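Understanding the architecture of this molecule
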There are 2 protein chains.
Amino acid sequence: MRETLSDHIMLSNIPYQDLTLGQTVSIERVVTQREIILFAETSGDLNPIHLDSEYAANTVFGQPIAHGMLCGAFISTAIAMHLPGQGSVYRSQSMKFTQPVFVNDRLTITLTVTEKKDKLKLVKLACSVSNQNQKVVAKGEASVIASEKTLMMAAAKLPEITIK
Amino acid sequence: MRETLSDHIMLSNIPYQDLTLGQTVSIERVVTQREIILFAETSGDLNPIHLDSEYAANTVFGQPIAHGMLCGAFISTAIAMHLPGQGSVYRSQSMKFTQPVFVNDRLTITLTVTEKKDKLKLVKLACSVSNQNQKVVAKGEASVIASEKTLMMAAAKLPEITIK
């Protein structure tokens, strides 16, 4: 087990009634070669534009780019782990992919509460992903049902994953 | 290198001018524990609902469910690898998550061309993901710029990835 990753990670949430319009959270993720390889394996998208430096050098991007949907994965994690966090039920997500993401880009994923629908306990979130140059690489909107309970539990522990 | 996965995979595309309204493609993916672990590692979403059978047994689902955005990853792969395939530029994606996905579910990802915008070479695709019981688990719309060239190249080879 990878003690360092999750041993001390506790998952919590912001219950529906405590969410306020304009409330925001930002998380950071650096996109390394590891993320791109793992996303390729998981998704099955083996396009050389993401994985082959030599091939990518001869494209308009000049270097490998991350899979666009990796930003979707990061947004979904920010929702599930932070806002509203634990107990959220993901209903929908829209995304526009506005700029390429390169290896070693430092991404900031920002969620902002834009709407609450009390009857359904549904929250709408503006979602934005920007890089270290403050360029927005992806943006969209999520809708999520938030729990009304205050939750707290340990994150799952992942087995060790190695890339040869 | 994992010879079996990509040694004989060639990537091709359907050039913009050959795409027709109603044209469709379906791919199948079985969601194993491996996909869920790799998606958790890549995204950082360590919610026990996806990874801990004992925890999940006491939830409304009764068993672990896949991360919703895993369907997004599969949709993006169907676009990048099949319709339009190689050379596509992903512009946007919307998704509704309508049913839970469980371990060992066999998913069918179906894309259908619904609109073409000649000036931009932009294609709109209806996206649907259904399980082995013909229940739609996710659906949405993608917009993609398709290449006008006929492309053919070898898929990237991934290094071996092992889970302890």
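Description of the structure in this document. (Residues numbered from 1 in each chain as written. Chains lettered and ligands numbered in written order. Predicted model: local features only at pLDDT ≥ 70, side-chain atom pairs only at ≥ 80, totals over all residues. Heavy atoms only, no water.)

**Details of the packing of aromatic side chains**
Put simply, the rule reads: The criterion for an aromatic pair is that two Phe, Tyr or Trp rings (for Trp, the six-membered ring) have centres within 6.5 Å, with stacked assigned to planes under 30 degrees apart, edge-to-face to planes over 60 apart and tilted to the rest. Any Lys NZ or Arg CZ found within 6 Å of a ring centre and within 35 degrees of that ring's normal is scored as a charge over the ring.
This structure, assessed with the given rule, holds 2 aromatic pairs over all chains. When the ring centre of Tyr-16 of chain A is taken as origin, the NZ or CZ atom of Lys-116 of chain A, which lies over that ring, is 4.3 Å away.

**What about the interface of chain B and chain A?**
So the rule is basically this: In what follows, residue pairs with any heavy atoms lying within 4.5 Å of each other are defined as contacts. Buried area adds together the accessible area that both of two parts lose upon being put together, with accessible area traced by a 1.4 Å probe. The rule for a salt bridge is simple: a side-chain nitrogen of Lys or Arg has to be within 4 Å of a carboxyl oxygen of Asp or Glu. Here a polar contact is recorded for every N or O atom pair within 3.5 Å, except that within protein the pair must consist of a potential hydrogen donor and a potential acceptor, and residues adjacent in sequence are included only if both atoms are side-chain atoms. Here a helix means four or more residues in a row that DSSP labels H or I, a strand means two or more in a row labelled E, and each is numbered from the N terminus. Gly is put with the polar residues, along with every residue not named as nonpolar or charged; the nonpolar set is Ala, Val, Leu, Ile, Met, Phe, Trp, Tyr, Cys and Pro, and the charged set is Asp, Glu, Lys and Arg. When DSSP finds two or more bridges between a pair of strands, those strands are recorded as paired.
On the chain A side, the residues contacting the 51 residues of chain B number 51 residues. Both sides together, the interface formed by chain B and chain A hides about 4400 Å², and carbon and sulfur atoms give 62% of it. Three residues, Glu-41, Thr-42 and Leu-46 of chain B, lead the burial of chain B against chain A; their summed loss comes to 17% of the area buried on that side. In this structure, the salt-bridge partner of Lys-164 of chain A is Glu-160 of chain B, at a minimum N-O distance of 3.4 Å. For the interface between chain B and chain A, the tally reads 21 residue pairs in polar contact (both at pLDDT 80 or more). Those elements giving two or more residues to the side of chain B that touches chain A turn out to be helix H1 (3–6), helix H2 (33–43), helix H3 (48–51), helix H5 (69–81), strand S3 (89–97), strand S7 (152–154) and strand S8 (161–163) of chain B. Of the residues that constitute the side of chain B that touches chain A, the class distribution is 28 nonpolar, 13 polar and 10 charged. Where strand S3 (residues 89–97) of chain A and S3 of chain B come together, 5 bridges link them in antiparallel fashion. By the bridge assignment for S3 of chain B, Met-95 of chain A is matched with Gln-93 of chain B.

Any functional reading would require information beyond the geometric quantities listed.
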